[in-house]
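Coordinate inspection notes
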Amino acid sequence: MNSEGRPTQPQIATPLAPQTFTGARALQIHEALIFDTGRLDFTGVDLDPPKPFTPRLGGLERKSEIGLPGLSEPETMRHYVRLSQKNYAIDMGPYPLGSCTMKHNPRLNEKMARLPGFADIHPLQPVSTVQGALALMEELADWLLKLTNMDAVALTPKAGAHGEMCGMMAIKAAISARGEAETRKVVLAPESAHGTNPATAAALGFSVRAVPAGADGLVHPEAVAAALGPDVAAIMLTNPNTCGLFERDIVEIARLVHEAGAYFYCDGANFNAIVGKVRPGDLGVDAMHINLHKTFSTPHGGGGPGAGPVVLSSRLAPFAPVPFLKREGDRLTLVEETEGTQSFGRMAAFHGQMGMFVRALAYMLSHGADGLAKASEDAVLAANYVRVCLNDLFSSPFGDRICMHEVLFDDRWLKDTGITTLDFAKAMIDEGIHPMTVYFPLVVHGAMLIEPTESESIVSLTLFIATLRDLAIRALRGETERFLGAPYYAPRKRLDETAAARKPVLRWTPPEPIED
Ligand SMILES: *Cc1c(COP(=O)(O)O)cnc(C)c1O
């Protein structure tokens, strides 16, 4: 970065790779900001100057230059295609981000989502013209309810975190309906919780009480019992938890929580490990979000907006947000008004992300119930294969326990090497492998959380393992420089991620004119 916070030309530090004239690295082309390339006084099309006319825009007429960079169509095209190629993607290689379930997005799902009856409809169309789309939502809801053994599902939330907000709003509404809004103001969350759990509770005006995890990485009923009281509204618990372990005492924890008059919110982000094997409703869960982009293979981010449906127990179902589906004979309608219901209100303008619903249902139908269970088994098998192949070199915080769909290592094995978890992750980038999740969960020092998912082949897993073993041996052998300077081959090296998050430079400012 230069003093204006704008990226400078990449510096290439490896002795073998010369600084290129263009800043490109082989056919990886350095891309400047479009505002630095396009001239503001230039347009890509040649139009004759307009004949004199009287504008009819009144006060809405633009008074200053529009300030958009002028580029021709091919220049514009190249700019955006080059940018798109800077993204690492699950379609390019393994993306072993623990807790994120970056699995393959089947192309069949994409094809289904593009069918005009799903893709070319509008949320304000009369419901009589979108009966097929509503029927698809109903079928998806039915699958979600059967897989979880729950009573109702809110399809509107747009992501896992939004789903947490929805589930906790239903809990808040249920507590208010009991007249306990003023007394139950605390939400319990284990120390290993994903940041969105305490953030959601705090955003809704609850205070958060941490529940310590045991030395075995699990939440113990005694710890929950000690934290429970008449002031507790709910517990937010992830299962399988963020250490990749199934919470052994979850049924007992649910019993204690209910006995204390509180609700059990389950963070369902790790549902991929247990679909078709365990139904959260059987465990005593009252609300759980399901990240369709994790468990049910819809794209994360770039492929379109997300979806985080929330399943609710019979105790919370009456408080579900509007709109929701209602069947009257062979007609489906959307209930849009809260009047006459106990619904807490509305999470989003419309009914949710149609394209994601289509993809998720296509995934379910193409797998079938047995295929979904098999996917969970294979996800767990893949994680344990990685675990067993690495555990002679890497250190595990909770011993040689069998894990669920992700395997957690800590940084004790790097002690005395001068290499940190971050250095190791950066060296993986040089090898063309996206790093695993690092430094999460916070309860484990220097955490490395690897989730291969069921969609990696044995060949791909073997190369991944061999690469990590090779790097680990080099780290233990003292090839420190290779790690401290990594990534050598990436166009950008180590970014100041904190400054980028805290002080993002989002607006382009024209450079000062050069004085003669
Ligand atoms: C991904 C994740 C979330 C949040 O889900 P988003 O869809 O990213 O908002 C919450 N909890 C856990 C454990 C997660 O892994």
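Given the structure is predicted, the values throughout are model-derived calculations rather than measurements. (Residues numbered from 1 in each chain as written. Predicted model: local features only at pLDDT ≥ 70, side-chain atom pairs only at ≥ 80, totals over all residues. Heavy atoms only, no water.)

1. A look at the pairing of strand 3 (residues 207–211)
Walk down a regular strand and you will see the side chains alternate between the two sheet faces. Looking at chain direction, strand 2 (residues 186–190) and strand 3 are connected through five bridges and run parallel. Residue pairing for strand 3: Val187 is matched across the bridge by Val208. Between the parallel elements strand 2 and strand 3, the chain passes through helix 7 (residues 196–203) in a crossover that is right-handed. (Pairing = 2+ DSSP bridges. Helix = DSSP H or I, 4+ residues; strand = E, 2+ residues; numbered from the N terminus. Right-handed = clockwise from strand over helix to strand, strands pointing away.)

2. Quick look at the domain arrangement of the protein
Per the domain assignment, the segments of the protein are domain 1 (109–364) and domain 2 (371–502). With 27 residues of domain 1 in contact, the opposing surface of domain 2 contributes 21 residues. On the domain 1 side of the contact with domain 2, Cys243, Asn272 and Ala273 bury the most area, a combined 26% of that side's loss. Two residues, Lys277 and Glu377, come together in a salt bridge whose shortest N-O distance is 2.5 Å. (Domains from an automatic or database assignment. Contact = heavy atoms within 4.5 Å. Buried area = accessible area lost by both parts, 1.4 Å probe. Salt bridge = Lys/Arg side-chain N within 4 Å of Asp/Glu carboxyl O.)

3. Regarding the environment of Pro435
Following the sequence through the fold, Pro435 ends up in the loop between helix 12 (421–430) and strand 11 (437–438). Between the C-alpha atom of Pro435 and that of Met77, which follows or precedes it by 358 residues, the distance is 30 Å. The residues touching Pro435, leaving out its near neighbours within four places in the chain, are Pro96, Leu97, Ala425, Met428 and Ile429.

4. Thoughts on a nonpolar patch on the surface
Taken together, the side chains of Tyr385, Ile458 and Val459 make up a nonpolar region of the molecular surface, amounting to roughly 290 Å² of accessible area. Note on Val459: relative accessible area 62%, which makes it exposed. (Patch = residues over 30% accessible without salt bridge, like charges linked within 9 Å, V, L, I, M, F, W, Y side chains within 5 Å. Areas by Shrake-Rupley, 256 points an atom, 1.4 Å probe, with all protein chains shown as cover. Buried < 20%, exposed > 50% of the residue type's maximum accessible area, 1.4 Å probe, protein only.)

5. Section: the pairing of strand 2
Burial of strand 2 is extensive: five of the five residues sit out of reach of the surface. Covered by surrounding structure in strand 2 are Val186, Leu188 and Pro190 together with Val187 and Ala189, the residues of both alternating faces. The pairing of strand 2 with strand 4 (residues 232–238) spans three bridges and is classified as parallel. Paired with Val187 across the strands is Ala234, a residue of strand 4.

6. Let's talk about the nonpolar core
Core analysis: the largest hydrophobic core is formed by 61 residues, its most contacted members being Leu144, Phe264, Phe296, Phe357 and Met364. Of all the secondary structure elements, the ones that give two or more residues to this core are helix 5 (131–148), strand 2, helix 8 (221–227), strand 4, helix 9 (250–259), strand 5 (263–267), strand 9 (331–335) and helix 11 (354–390). Looking at this core element by element, the count peaks at eleven residues for helix 11. Counting residues domain by domain, this core receives three or more from each of domain 1 (109–364) and domain 2 (371–502). Residues within four places of Met364 in sequence aside, it is in contact with Leu140, Trp143, Leu144, Leu147, Phe296 and Leu372. Within the second largest apolar cluster, 28 residues are counted, among which are Ala383, Phe394, Phe424 and Phe483. (Core = buried A, V, L, I, M, F, W, Y, C linked by side-chain atoms within 4.5 Å.)

7. Digging into the site of the ligand
Around the ligand, the neighbouring residues are Ser99, Ala159, Gly160, Ala161, Glu164, His194, Thr196, Asp267, Ala269, Asn291, His293 and Lys294. Side-chain polar atom of Asp267 to a nitrogen atom of the ligand: 2.5 Å apart, as the coordinates give it. Burial of the ligand by the protein chains amounts to 86% of its free accessible area of 380 Å². Each residue belonging to the shell around the ligand can be placed in one class, and the counts come to three nonpolar, six polar and three charged. (Near = heavy atom within 4 Å. Polar contact = N/O pair within 3.5 Å; in protein donor to acceptor, adjacent residues only side chain to side chain. Nonpolar A, V, L, I, M, F, W, Y, C, P; charged D, E, K, R; others polar.)

8. Some details on helix 13 (residues 458–477)
The α-helix winds at 3.6 residues per turn, so residues separated by three or four positions along the chain end up facing the same way. When the terminal C-alpha atoms of helix 13 are compared, their 28 Å separation across 20 residues agrees well with the 28 Å that a helix rising 1.5 Å per residue should span. Among all positions of helix 13, only Ser460, Leu461, Phe464, Ile465, Thr467, Leu468, Leu471, Ala472 and Ala475 are buried. On an axial view of helix 13, the arc spanned by its buried residues comes to 160 degrees, and they lie on one face. Away from its buried face, by an angle of more than 90 degrees, helix 13 presents the exposed residues Ile458, Val459, Leu463 and Arg477. (Expected span 1.5 Å × (residues − 1). Arc of directions from axis to C-beta.)

9. Describing the sheet that holds strand 5
Within a sheet, neighbouring strands are paired by backbone hydrogen bonds and run either parallel or antiparallel to one another. Reading across from one edge, 1-7-6-5-4-2-3 is the order of the seven strands in this open sheet, with mixed pairing throughout. If you trace the sheet from one side to the other, it starts and ends with strand 1 (152–154) and strand 3, each paired once. Looking at each pair of strands side by side, their axes are set apart by 25 degrees on average, direction ignored. For strand 1 and strand 7 (residues 310–312), the ladder comprises three bridges, and the chain directions are antiparallel. When the sheet's bridge partners are listed, Ala152 is paired in strand 7 with Leu312. Across the sheet, helix 7 touches strand 2, strand 3, strand 4 and strand 5, and the angle it forms with strand 4 is around 160 degrees. Running at roughly 140 degrees to strand 5, helix 9 makes contact with strand 4 and strand 5 of the sheet. (Axes fitted to C-alpha atoms, helices over the stretch in contact; angles between N-to-C directions.)

10. Concerning the confidence of the model for the protein
For the protein, the average pLDDT comes to 93, and 96% of its residues sit at 70 or higher. Every residue in residues 1–13 is under pLDDT 50, and counting partners more than four places away or in other chains gives 26 contacts. (pLDDT = per-residue confidence, 0-100.)

11. Observations concerning the packing of aromatic side chains
One pass over the structure, following the stated rule, counts nine aromatic pairs. Centre to centre, the rings of Phe394 and Phe409 are 5.1 Å apart; their planes meet at 45 degrees, and the pair counts as tilted. Of the two residues, Phe394 sits in the loop between helix 11 and strand 10 (407–409) while Phe409 sits in strand 10, which places them 15 residues apart along the sequence. A relative accessible area of 4% means that Phe394 is categorised as buried. (Phe/Tyr/Trp six-rings, centres within 6.5 Å; stacked < 30°, edge-to-face > 60°.)

12. Overview of unusual backbone geometry
Omega for the peptide link from Phe440 to Pro441 comes to 0 degrees, which places this bond in the cis form. By the element assignment, Pro441 lies in the loop between strand 11 and strand 12 (448–450). With an omega of 5 degrees, the peptide bond between Ala486 and Pro487 qualifies as cis. Although it is not a glycine, Ser99 sits at a positive phi angle of roughly 80 degrees.

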